[in-house]
Amino acid sequence: MSTYTEDKRKVTTHRLLEMKQRGEKISMLTAYDYSMAKIIDEAGIDSILVGDSASNTMVGNATTLPMTLDQMIYHARSVVNGAKRALVVVDMPFGTCSGNPRQSLEAAIRIMQKTGADALKIEGGQEIREDVKKIINAGIPVMSHLGLMPQSINKYGTYTVRAKEEKEAQKLVDDCLLMEELGCFAITLEKIPATLASEITQKVKIPVIGIGAGSGVDGQVLVIHDMMGINKDFSPKFLRRYADLHAIMTVATQNYIRDVKESDFPNKSESY
Ligand code: KIV
């Protein structure tokens with residue numbers, strides 16, 4: 001356990017709120033499977049996001065749009081099996097929460113019942129206010145996702161920084177205040193100017209988790225394949241790589257190939 005996580009109690013939405021109140025930063029990473037979730041949970045991560053970025057990292061798709069509800073459920077169940085302490089948040093995939101509150105609630109309930117996850121993350125602002133309201137009223141904790149919303153990539157046409165213009169920045173602030181009012185337990189802000197993210201963080205009482213949103217927020221989230229250096233094809237400015245697993249795994253694979261080819265593996269002690 002890292003020195004920051006001697007507290008072994010299960011992380012809850014309430015504990016994230018307490019962390020914001022006492023100024024303790026929140027750490028969050030994505031995971032999509034049991035083994036990865038177990039490693040980062042035991043390392044002391046506060047929260048694990050079963051992101052629909054699984055579409056990119058696990059399947060190799062260009063966008064998050066192809067991810068289905070059943071695929072998210074499969075990944076989320078695997079992560080829940082590996083995470084004992086961290087708060088597990090699951091992305092509602094594209095098309096499952098988009099202006100039809102009854103359908104949205106059905107999808108939300110399905111994820112919660114089939115996976116045992118702790119909460120959901122939903123992309124969108126005031127356009128989906130009724131959906132968010134209905135899900136929260138059913139007792140399901142919701143993390144709002146605003147700023148750059150990858151599920152809307154076809155609407156934006158670009159992954160560049162959002163809310164640089166006054167009008168979009170104002171809508172973002174309004175959406176954050178609305179999501180807080182509706183009862184969201186936290187907000188994720190993706191790829192927006194640091195000053196705006198910091199301003200929003202001070203305006204709302206709930207925790208704000210940033211990705212490409214500077215340091216003035218309450219916590220940070222990164223995609224695990226990017227920060228561990230498994231995926232080398234994606235290098236945005238906001239990314240810090242903490243390992244080079246791509247290189248480690250390449251060398252390990254090459255050593256294995258050599259040992260097999262040279263009949264060095266298995267040796268006597270590795271045989272029955
Ligand atoms: O799907 C995901 O990994 C995300 C993060 C980028 C926040 O939503």
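(A) Structural view of the domain arrangement of the chain. Domain assignment breaks the chain into domain 1 (13-241) and domain 2 (244-272). Relative placement of domain 1 and domain 2: their C-alpha centres are 38 Å apart.

(B) Broad picture of helix H5 (residues 101-115). Between its first and last C-alpha, H5 extends 21 Å over 15 residues, near the 21 Å set by a 1.5 Å rise per residue. Along H5, the positions that sit buried rather than exposed are Ser104, Leu105, Ala107, Ala108, Ile111, Met112 and Thr115. All buried residues of H5 project into a common sector of 165° when viewed along the axis, lining one side. In H5, the exposed positions angled more than 90 degrees off the buried face are occupied by Arg102, Gln103 and Gln113. Glycine 116 sits one or two positions beyond H5 and adopts a positive phi of about 75°.

(C) How the structure looks around the pairing of strand E3 (residues 87-91). Of all five residues making up E3, five are buried, and the element is well covered by its neighbours. Burial along E3 is two-sided: the residues Leu87, Val89 and Asp91 and Val88 and Val90 are all buried. Pairing analysis gives four bridges linking strand E2 (residues 47-50) to E3, with the strands arranged parallel. Counterpart to valine 50 in the pairing with E3 is valine 90. Summarising the sheet, E3 and strand E4 (residues 119-123) pair through three bridges and their orientation is parallel. Across the sheet, residue aspartate 91 finds its bridge partner in E4, namely lysine 121.

(D) The arrangement of the packing of aromatic side chains in detail. Across all of its chains, the model carries one aromatic pair by this definition. The ring of tyrosine 156 has arginine 162 sitting right over it, with the charged end atom 3.9 Å from the ring centre.

(E) The arrangement of the site of the ligand in detail. Taken together, Thr30, Leu49, Gly51, Asp52, Ser53, Asp91, Lys121, His145, Glu190, Ile211 and Val223 make up the full set of residues adjacent to the ligand. Here aspartate 52 contributes a side-chain N or O atom positioned 3.1 Å from an oxygen atom of the ligand. Within the side chain of serine 53, an N or O atom sits 2.5 Å from an oxygen atom of the ligand. Taken by itself the ligand offers 260 Å² of open surface, and the protein chains cover 95% of this. Class assignment for the residues of the shell around the ligand results in three nonpolar, four polar and four charged.

(F) View of the sheet that holds strand E7 (residues 208-211). Strand order around the closed barrel formed by eight strands is E1-E2-E3-E4-E5-E6-E7-E8, with parallel pairing between neighbours. When strand polarity is set aside, the average angle formed by the axes of neighbouring strands in this sheet is 25°. In terms of strand pairing, strand E1 (residues 26-30) meets strand E8 (residues 219-222) through four bridges, oriented parallel. When the bridges of E8 are listed, isoleucine 26 appears paired with glycine 219. Packing against the sheet, H5 makes contact with E3 and E4, and its axis sits at approximately 145° to E4.

(G) Structural detail: the environment of aspartate 259. By the element assignment, aspartate 259 lies in helix H11 (residues 245-261). Setting aside residues no more than four positions away along its own chain, aspartate 259 makes contact with Asp264 and Phe265.

(H) Structural view of the pairing of E2. The alternating pattern of E2 places Ser47 and Leu49 and Ile48 and Val50 on opposite faces, both of which are buried. As paired elements, E1 and E2 share three bridges and run parallel to each other. Residue threonine 30 lies in a different strand from E2, and its bridge partner there is leucine 49. Taking the sense of rotation as the criterion, the β-α-β connection linking E1, helix H2 (residues 34-42) and E2 turns out right-handed.

(I) Seen up close, the pattern of salt bridges. The tally for this structure, following the rule as stated, stands at 17 salt bridges. Between lysine 171 and aspartate 175 there is a salt bridge, and its shortest N-O distance comes to 2.6 Å. Placement of both lysine 171 and aspartate 175 in helix H8 (residues 166-182) is noted, with a separation of four residues, approximately one turn of the helix. When salt bridges with common partners are traced through the structure, they connect Asp7, Arg9 and Arg15 into a single cluster.

Cut-off values and rules
Residues numbered from 1 in each chain as written. Predicted model: local features only at pLDDT ≥ 70, side-chain atom pairs only at ≥ 80, totals over all residues. Heavy atoms only, no water. Domains from an automatic or database assignment. Helix = DSSP H or I, 4+ residues; strand = E, 2+ residues; numbered from the N terminus. Expected span 1.5 Å × (residues − 1). Buried < 20%, exposed > 50% of the residue type's maximum accessible area, 1.4 Å probe, protein only. Arc of directions from axis to C-beta. Pairing = 2+ DSSP bridges. Phe/Tyr/Trp six-rings, centres within 6.5 Å; stacked < 30°, edge-to-face > 60°. Lys NZ or Arg CZ within 6 Å of the ring centre and 35° of its normal. Near = heavy atom within 4 Å. Polar contact = N/O pair within 3.5 Å; in protein donor to acceptor, adjacent residues only side chain to side chain. Areas by Shrake-Rupley, 256 points an atom, 1.4 Å probe, with all protein chains shown as cover. Nonpolar A, V, L, I, M, F, W, Y, C, P; charged D, E, K, R; others polar. Axes fitted to C-alpha atoms, helices over the stretch in contact; angles between N-to-C directions. Contact = heavy atoms within 4.5 Å. Right-handed = clockwise from strand over helix to strand, strands pointing away. Salt bridge = Lys/Arg side-chain N within 4 Å of Asp/Glu carboxyl O.

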